[in-house]
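Residue strings, one per chain:
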Amino acid sequence: MLLENDCITHLDMGDNNIRHADDVAEMLRHNTTITNFVLSENNFSDKDAALLAQVIEAHPSLTEVDLSSNNFGSTGGLHLRRMISESTNLVELNLSWNKIRGEGAVAVAEAIRDNVGMKIIHLEWNGFDRQSGAKLAEAVAQNRTLTQLNLYSNRIDSQSFLAICQALKDNDNLQTLKIGKNCITEEAAAAALDLLKTYPELKIETIDLSDLIFSAALAEKVKEVKEIHENFNFIYGYTDSYGKRKLKSYDVVDEALTFFKQYMAENNIDLVTFFQEMDDDGSMAVSYDEFREGLKVMKIPLTPLQVDQLIAALDMDGDGDIDFGELVIGAEEHSH
């Protein structure tokens, strides 16, 4: 039916667990009237990314495509590169809640840099790290059409965040940068605000660092920037977009352990191996400093607040050390 239909412009096939994109791709080749297409939550793989990328790039009418909550990984990002960089019709693309990281994340960032038509792109909940973060900074500096970039909850660190803020000096179009729930320190946020004060013009209207908790001292720096750029908004902490429930029930430890366990699963590390890496004397107990250093060496993406809260929660007997049993029990108690 969809092959023959020439009237449908908005099509939602999300949350259908389709798994294989062959029929979807064939339908798109024949149906040229669709402008808005939702394909989220269909368990599509990297192979499907290759199929979909080809037909989306060639489609004459598609302006909004939602490919969120699928299983596109690093290879999927490579397949999507040409589609993103070459498409002139796409205005909004949603790739959030996938597993795009490594060279795939680099490829997507480079494609955004080269695109000449897209205005909104969602990359939340992927794996953009320092390397791909540097490429995103290049994209911000060189892209001339993007108005909204969503990078919430990736692996972007303070260095990448500052590089992106530096790139804003050369960008005349980006209005909103959503980059909360990443590993960005208060020092980096303060440095970014100091940097923004030096720009004679600032086109960006909102930098959103939701779910990052900073001290009251940062508010004064925000005020200083707003005195120069009165339309600028710098959002941090828990916001109304998460509702009162978020304020009451948000669990920093639970979130920290979620990141921690996700890292171990992705790198095939178990709790024993992780603990042994920190436990130099074989006592099956580590100090707070040893635990912090272990997280740092393994590059587990936790903020200072998350690390402090995690340590406090894991040291159940309050003796100043974290032993292996406490780590195991803590991981179990905060398991989803």
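Coordinates for the structure precede this section.
No experiment lies behind these values; they were computed from the predicted model shown. (Residues numbered from 1 in each chain as written. Predicted model: local features only at pLDDT ≥ 70, side-chain atom pairs only at ≥ 80, totals over all residues. Heavy atoms only, no water.)

Draft legend 1. Local environment of the sheet that holds strand 5 (residues 120-122). Here we have nine strands laid out as an open sheet, ordered 1-2-3-4-5-6-7-8-9, and parallel in their pairing. Among the strands making up the open sheet, the edge pair consists of strand 1 (10-12) and strand 9 (233-237). When strand polarity is set aside, the average angle formed by the axes of neighbouring strands in this sheet is 5°. (Pairing = 2+ DSSP bridges. Helix = DSSP H or I, 4+ residues; strand = E, 2+ residues; numbered from the N terminus. Axes fitted to C-alpha atoms, helices over the stretch in contact; angles between N-to-C directions.)

Draft legend 2. Summary view of the packing of aromatic side chains. Within the structure shown, the criterion is met by six aromatic pairs. For the pair F232 and F234, a centre-to-centre distance of 6.2 Å together with 40° between the ring planes defines the contact as tilted. The pair F232 / F234 is uniform in exposure class, with both members buried. (Phe/Tyr/Trp six-rings, centres within 6.5 Å; stacked < 30°, edge-to-face > 60°. Buried < 20%, exposed > 50% of the residue type's maximum accessible area, 1.4 Å probe, protein only.)

Draft legend 3. Up close: the side chain of D279. Within the secondary structure layout, D279 lies in the loop between helix 11 (271-278) and strand 10 (285-287). The buried charged residue D279 lacks any salt bridge partner; its closest oppositely charged side chain belongs to R292, at an N-O distance of 16 Å. With residues near it in sequence (within four places) discarded, D279 still touches M284, A285 and V286. (Lys, Arg positive; Asp, Glu negative; His and termini not counted. Salt bridge = Lys/Arg side-chain N within 4 Å of Asp/Glu carboxyl O. Contact = heavy atoms within 4.5 Å.)

Draft legend 4. How the structure looks around the side chain of S158. For S158, the position within the fold is in helix 6 (residues 158-167). The exposure class assigned to S158 is buried, which follows from its relative accessible area of 15%. The contact partners of S158, leaving out residues within four places of it in the chain, are C183, I184, T185 and A188.

Draft legend 5. Main features of the packing of helix 7 (residues 186-197) against helix 8 (residues 217-228). Where helix 7 contacts helix 8, the axes come no closer than 9 Å and their chain directions differ by 15°. With respect to their mutual orientation, helix 7 and helix 8 come out roughly parallel. Along this stretch, helix 7 crosses helix 8, giving a crossing that reads as left-handed. Two secondary-structure elements touch here, helix 7 through E186, A189, A190, L193, D194, L196 and K197 and helix 8 through L218, K221, V222, E224, V225 and I228. In the contact of helix 7 with helix 8, the residues fall into eight nonpolar, no polar and five charged. (Parallel < 35°, antiparallel > 145°, perpendicular 65-115°, else oblique. Left-handed = near helix turned anticlockwise from the far one by under 90°. Nonpolar A, V, L, I, M, F, W, Y, C, P; charged D, E, K, R; others polar.)

Draft legend 6. Quick peek at the pattern of salt bridges. Scanning the model with the defined rule gives 14 salt bridges in all. Of the charged contacts in the structure, one is a salt bridge between D157 and R130, with a shortest N-O distance of 2.6 Å. With D157 in the loop between strand 6 (148-150) and helix 6 and R130 in helix 5 (residues 130-142), this pair connects stretches of sequence that are 27 residues apart. Look at the salt bridges and you will find they share partners, linking R81, E110, R113, D114, K135 and E138 into a network.

Draft legend 7. Fine view of the pairing of strand 8 (residues 206-210). The buried fraction of strand 8 is high, at five of five residues. Of the two faces of strand 8, the one carrying T206, D208 and S210 and the one carrying I207 and L209 are both buried. Of the strand pairs in this sheet, strand 7 (residues 176-178) and strand 8 are connected by three bridges, and their pairing is parallel. Opposite L177, over in strand 8, you have I207 as the bridge partner. Assessed by its sense of winding, the connection that carries the chain from strand 7 through helix 7 to strand 8 is right-handed. (Right-handed = clockwise from strand over helix to strand, strands pointing away.)

Draft legend 8. Region of interest: helix 8. Those residues of helix 8 lying buried are L218, V222 and V225. The buried residues of helix 8 occupy an angular sector of 60° when the element is viewed end-on, so they sit on one face. Residues A217 and E227 are exposed on helix 8 and point more than 90 degrees away from its buried face. Among the structural elements, helix 7 and strand 9 are those in contact with the buried residues of helix 8. (Arc of directions from axis to C-beta.)

None of the figures reported here should be taken as evidence of function without further support.
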